[in-house]
Amino acid sequence: MRLGIAQRIAFVLALGGVLASGLTGYYVYSSSRALLVRAAEDRLLTATRVLLRQMSVEIEDAVRAARFVADHAHARAALAATGDATRRLAEDDMAELFLGMLKTRPEFFQMRLISAAGHGAERVRVDRDRDGPLRVTGDDLQEKGHFAYVFETLRLPPGAVFVSSPTINHEHGAHAGENKPSLHVATPVRDRSDAVIGLIVINVDLNGIFRQLSSDLPRDLGVYLANAEGDFLVHPDPTQAFAFDRGKRALLQDEFPAAGDLVAGRAQTVITSAARARGDGKPVVAAFAREQLSAAQPDEFVVLGLSQPTEAVLKDSDELGATIIRIVLAFSALSILPATLLSRAVTGPLNQMVRAVRHFTADQTRAPLPTGRKDEIGLLARSFDDMQHQIQLQMSTLQDKQRELDHLASNDPLTGLPNRRVFMDRLEHALARARRAEKQLAILFVDLDQFKEINDKLGHAVGDVMLRAAAERLRAVVRETDTVARLGGDEFIILSEDIGDSQAAIVIADKIIEVLAAPVAYRECSLRVGASIGIGLYPRDGATATEVIASADQAMYRAKASGRNRYCLASDMASGSQDRQRL
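The rules behind the values
- Residues numbered from 1 in each chain as written.
- Predicted model: local features only at pLDDT ≥ 70, side-chain atom pairs only at ≥ 80, totals over all residues.
- Heavy atoms only, no water.
- Helix = DSSP H or I, 4+ residues; strand = E, 2+ residues; numbered from the N terminus.
- Buried < 20%, exposed > 50% of the residue type's maximum accessible area, 1.4 Å probe, protein only.
- Contact = heavy atoms within 4.5 Å.
- Areas by Shrake-Rupley, 256 points an atom, 1.4 Å probe, with all protein chains shown as cover.
- Core = buried A, V, L, I, M, F, W, Y, C linked by side-chain atoms within 4.5 Å.
- Expected span 1.5 Å × (residues − 1).
- Polar contact = N/O pair within 3.5 Å; in protein donor to acceptor, adjacent residues only side chain to side chain.
- Salt bridge = Lys/Arg side-chain N within 4 Å of Asp/Glu carboxyl O.
- Pairing = 2+ DSSP bridges.
- Right-handed = clockwise from strand over helix to strand, strands pointing away.
- pLDDT = per-residue confidence, 0-100.
- Axes fitted to C-alpha atoms, helices over the stretch in contact; angles between N-to-C directions.
- Left-handed = near helix turned anticlockwise from the far one by under 90°.
- Parallel < 35°, antiparallel > 145°, perpendicular 65-115°, else oblique.

K.L.:
Explanation requested: the overall build of the protein chain in the structure shown.
P.N.:
For the protein chain, the helix and strand inventory stands at 18 helices and 20 strands. Burial statistics for the protein chain: of 583 residues in total, 49% are counted as buried. Long-range pairs, those at least 24 residues apart, make up 60% of the contacts in the protein chain with a sequence separation of at least 6. Accessible surface computed for the protein chain: about 28,000 Å², of which carbon and sulfur atoms make up 52%.

And the structure:
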C-alpha cells in the first residue's frame, strides 16, 4: 500500500526526530562525560599538589628541627667537651631535648647525636618505643660510620641538610622504627672553628606522615608515592609498596606509563585518564606530581599521585543517559502525529529546542524552551529543561566539591584558621610591603602550655574544644589586618604588620597571655591553659620569612624552657636578655 503524503511526512519527521534527538542526546551525554573527567583530573591534580606541599612541609619541619638541634650549644659540648663530667652533663641535656621533641612530634621515630670520631659512634640516642620515647645508653649505642646518611652528611657544606631516599629501616635496635618505611634527615654539627665534629640524625615515620595527610581524602581515592627510580613506596595494594626490599620491582612507570616523564625528569606533573591500575584492572583517572626532597641532593625526589576509578567519576552520567533515552522515546512518539499538524507544530519548537541544547552544551546557560505547551512538544521541552537542570545540579555539585577542596587546601579543618601554606603566602607579601615601605612587622609563635595534659587526660574531643577556644580568642585579640594561623597540634602563629617597635608586639603578647589564661568551661569542668610566646621582628631578627619564623620559634622554646606562660623576644636571646613573664 502506497503511503500518503501525511504518512510520509510523519515517517520522515519521526525518523528525523529520532536521529536528531539521538545525536543531540549522544552529544550532550558525551560532553557531560568529558566535563566530568576533566573536572576529576583538575580536582585530583589540585589535591595531589596540596598533599605534596603538606608532605614537603612535614619534611621541612624535620629539617628545621635537625638544624635547630645541630646549632644547640649542648650538641657541641657533648661532642667537643674534654672532661667526662662535662660531656655527660651535655649528653644528658641533649637527651632531654630529644625526649621533649619526640613527645611533641609523633612523626619522629628516632633522634641521635653521632660523633665524627670513633667510626661514627652514637653519643646520644632516643628511640620511640610502644610506651613512648626511650633513651638508649651504654653498650646499646652503636657505630654508624658505614651508613650513607653518616659519611655523606659529614661531607656536607655549612647549612646543608641530608635527606635520604625513603626506604625500609633495617637497622637493629631502632625500636618502633625497625622494619618500617622511613627516611633519614641529618645535618652536621660544627665546633666554633667550623670543623665538623659530628651530626644530628632524625628518623622520620613515612607511613605516619601519609596517614595524617590522607586522613581527610575520600575513600575511593588511591594514594601513590614513588622514589626517584619509580619504585612504589606507598600503593593502594600493600604488596606493591617497597617491593624492591623483597627482591622484586613494582614501578610507577610500568603501571602508569605516562608517569615515566616524571621519573625521567621531563615533566613536573602528569595527568592520565586511560590507565588501568594494577589489581582489579579497572580504568582510573590519575594525577601525579614530582617534588625534590632536598636542595643538597638534586637527584633525590619523590613522585606523589592520586587516582580515582573512572566508574566513580562517571557515576552521575548514568542518570543523564537514562534521561536522554526517555527524551528520545518521547520525541519519537511525537514524530508520528499527522503530517499536517507535525509539519507546523513540530518544526518550530524542535528547532528552538535544538538551539537551546546546543547553546547549553556550548556555555551551560539555559535558553527559553516551550515548556508551557500542553502537548507532547511541551513534554519534550520540559524533559529537555529537566535534563539541563540535572546537568547544572551536577556541575554545581562539582563546583561545591572543588570549593571544599580549595578550603581544605587553605584552612585548618578544626579551627577554621588559615593553614601554614596560606600563612607563608601572606607573610611573603607582607615582607615585600615592609621592604618597600621600610617598616617593621612581627611574628608571634604561640605554643599552648598544659594542653598535652588536658588532651591526654580528658581526650581529644576536649582537646579540640580547647584548640577552637584558643583560636577564637587569638582572632579576637589581634587586629583585623593581622593574620592568625594554626601550624599544627597546639602551635599557632601570628603575623602583625606595620608595628612601630618591639613594644607593640609585647602588648599583643601580653593580651594573648591574658586571654588564653582565662578558663574554658566544658560541661562541669573549668579548663585552663597558658601560652609560651616567641616574638621575631623584621628586619631585626631576620631578612626572610624562614629566618624571622625560625627566630620566633627559638624564642618560643626559650620562653617555654624558662617556665612557660611568658613571652621571649628573639632579639633578647641574641643580646642575652632575660625572657619576660606577664604578671
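K.L.:
I keep staring at the environment of V124 and nothing clicks. Help me out?
P.N.:
Mapping V124 onto the fold places it in strand β2 (residues 122–129). Its relative accessible area of 1% is what places V124 among the buried residues. Sequence-distant contacts of V124, that is, excluding residues within four places in its chain, are made with E91, M94, A95, F98, M111, R112 and L113.

K.L.:
Could you clarify how one ought to interpret the nonpolar core in this entry?
P.N.:
Among the nonpolar cores identified, the biggest contains 62 residues, and M94, F98, L113, V185, I200, I202 and L225 are the most heavily contacted of them. Ranked by residues supplied to this core, first place goes to helix α1 (residues 5–70) with 16 residues. In this view, F98 contacts V69, M111, R112, L113, V124, V126 and I200; residues no more than four positions away in its chain are not counted. A442, F451, L527 and Y567 belong to the second-largest nonpolar core, a separate cluster that totals 37 residues.

K.L.:
Please explain helix α16 (residues 502–517) as it appears in this structure.
P.N.:
It helps to recall that an α-helix has 3.6 residues per turn; residues three or four apart then point in one direction. With 16 residues, α16 extends 22 Å between its outermost C-alpha atoms, agreeing within 8% with the 22 Å of an ideal straight helix rising 1.5 Å per residue. Capping the start of α16, D501 holds a side-chain oxygen 3.1 Å from the backbone nitrogen of Q503, two or three residues further along.

K.L.:
How do you make sense of the pattern of salt bridges when you look at a structure like this?
P.N.:
Scanning the entire structure with this criterion turns up 18 salt bridges. Here E60 ties to R53 by a salt bridge, and the two come within 3.3 Å at their closest N and O atoms. Classification of E60 as partly exposed rests on a relative accessible area of 32%. Two residues, D127 and R125, come together in a salt bridge whose shortest N-O distance is 3.2 Å. One exposure class covers both D127 and R125, and it is buried.

K.L.:
Got a minute to help me understand the pairing of strand β18 (residues 530–538) in this structure?
P.N.:
Along any regular strand, the residues point their side chains to alternate faces of the sheet. The element β18 is extensively covered by neighbouring structure, given that 9 of its 9 residues are classed as buried. Covered by surrounding structure in β18 are G530, S532, G534, G536 and Y538 together with A531, I533, I535 and L537, the residues of both alternating faces. Two strands pair when backbone bridges link them, and strand β13 (residues 440–449) and β18 are joined in this way by 9 bridges, in the antiparallel orientation. If you follow L441 over to β18, its bridge partner there is Y538. For β18 and strand β19 (residues 566–569), the ladder comprises 4 bridges, and the chain directions are parallel. Opposite I533, over in β19, you have Y567 as the bridge partner. The parallel pair β18 and β19, bridged by helix α17 (residues 545–561), forms a crossover whose chirality is left-handed.

K.L.:
Looking at this structure, I do not really get the pairing of β13. What am I missing?
P.N.:
Burial of β13 is extensive: 9 of the 10 residues sit out of reach of the surface. Direction of pairing for β13 relative to strand β15 (residues 491–499): antiparallel, over a ladder of 8 bridges. By the bridge assignment for β15, F445 is matched with I493.

K.L.:
Teacher, can you tell me more about the confidence of the model for the protein chain here?
P.N.:
With 83% of its residues at a pLDDT of 70 or more, the protein chain shows a mean pLDDT of 82. Low confidence marks residues 576–583, where pLDDT is under 50. Its contacts with residues over four positions away, or in another chain, come to 21 contacts.

K.L.:
Explain the side chain of N411 to me, please; I cannot follow it from the model alone.
P.N.:
You can see N411 is positioned in the loop between α12 (376–410) and α13 (420–437). Separated by 3.2 Å, the side chain of N411 and the backbone oxygen of G416 make a polar contact.

K.L.:
Teacher, can you tell me more about unusual backbone geometry here?
P.N.:
In this structure, P539 follows Y538 across a cis peptide bond, with omega equal to 5°. Note that P539 resides in the loop between β18 and α17. Despite not being glycine, Q450 has its phi angle at roughly 65°, a positive value. Tracing the backbone through its elements, the reader meets Q450 in the loop between β13 and α14 (451–458).

K.L.:
What is the right way to look at the packing of helix α15 (residues 460–477) against α16 in this model?
P.N.:
Axis angle and axis distance: for two packed helices, these are the angle between their axes and the distance between the axes, and together they describe the pair. Relative to each other, α15 and α16 sit at 145°, their axes nearing to 10 Å. For the pair α15 and α16, the crossing hand works out as right-handed. Residues A470, R473, L474 and V477 of α15 lie in contact with α16, whose contacting residues are K511, I512, V515 and L516.

K.L.:
Is there a simple way to explain the packing of helix α2 (residues 73–80) against helix α3 (residues 84–104) in this structure?
P.N.:
Between α2 and α3, whose axes approach to 8 Å, the crossing angle comes to 140°. Here α2 lies oblique to α3, going by the angle between them. When you trace α2 past α3, the crossing you get is left-handed. In this structure, α2 contributes H74, A75, A77 and A78 to the contact, and α3 contributes R87, A90, E91, D93 and M94.

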